[in-house]
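Notes for the structure review
Letter by letter, the chains look like this.
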Amino acid sequence: MDVDVGDWLQSNYGTSAGTSLGPLLFVIHIHDVPKSIMPKFADDLVAISVEEDISAVEESLQNTTNKLIQWAQKEGMIINAEKTKVMVFGDVIDEVKIKINDNNNNNDRLTAFDPGQPG
């Protein structure tokens, strides 16, 4: 096999951008996040709460967020509050406030569409 190989580059942190190895290593690293958190894509995680009232949703998401923060601290990671979003589906008017390191999250308000209802 006649293959050209580039020079070695020493890296003390992380992997090179654009490699397949980076996302794979990250998924291996986050294998033990709290059970209520699910990996979504690369370094994105998602938590879902379905409850009867908005205060129960807020409590459930805050508890999940607290568990994630504890996990991140144990792993030497930081949750970026500015990039964290809460999306509410439904006809609820109240905002859901989740605290991350004393910062309130940014809310995205989405209204669910029920195709079974007229109008």
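Residues numbered from 1 in each chain as written. Predicted model: local features only at pLDDT ≥ 70, side-chain atom pairs only at ≥ 80, totals over all residues. Heavy atoms only, no water.

1. Thoughts on the pattern of salt bridges
Summed over all chains, the structure comprises 2 salt bridges. Close ionic contact of D32 with K74 constitutes a salt bridge, the shortest N to O distance being 3.6 Å. A residue pair is termed long-range when its members are at least 10 positions apart, and D32 in the loop between helix 1 (21-29) and strand 1 (37-41) and K74 in helix 2 (residues 54-74) qualify at 42 residues. Given a relative accessible area of 29%, D32 falls into the partly exposed group. Note that E75 is salt-bridged to K74, the shortest N-O span being 3.8 Å. (Salt bridge = Lys/Arg side-chain N within 4 Å of Asp/Glu carboxyl O. Helix = DSSP H or I, 4+ residues; strand = E, 2+ residues; numbered from the N terminus. Buried < 20%, exposed > 50% of the residue type's maximum accessible area, 1.4 Å probe, protein only.)

2. What to know about the confidence of the model for the chain
With 79% of its residues at a pLDDT of at least 70, the chain reaches an overall mean of 76. Looking across the chain, the model is least confident in strand 6 (residues 106-110), with a mean pLDDT of 53, and most confident in helix 2, with 90. Scored below 50 in pLDDT, residues 109-119 makes 13 contacts in the model with residues more than four places away or belonging to other chains. (pLDDT = per-residue confidence, 0-100. Contact = heavy atoms within 4.5 Å.)

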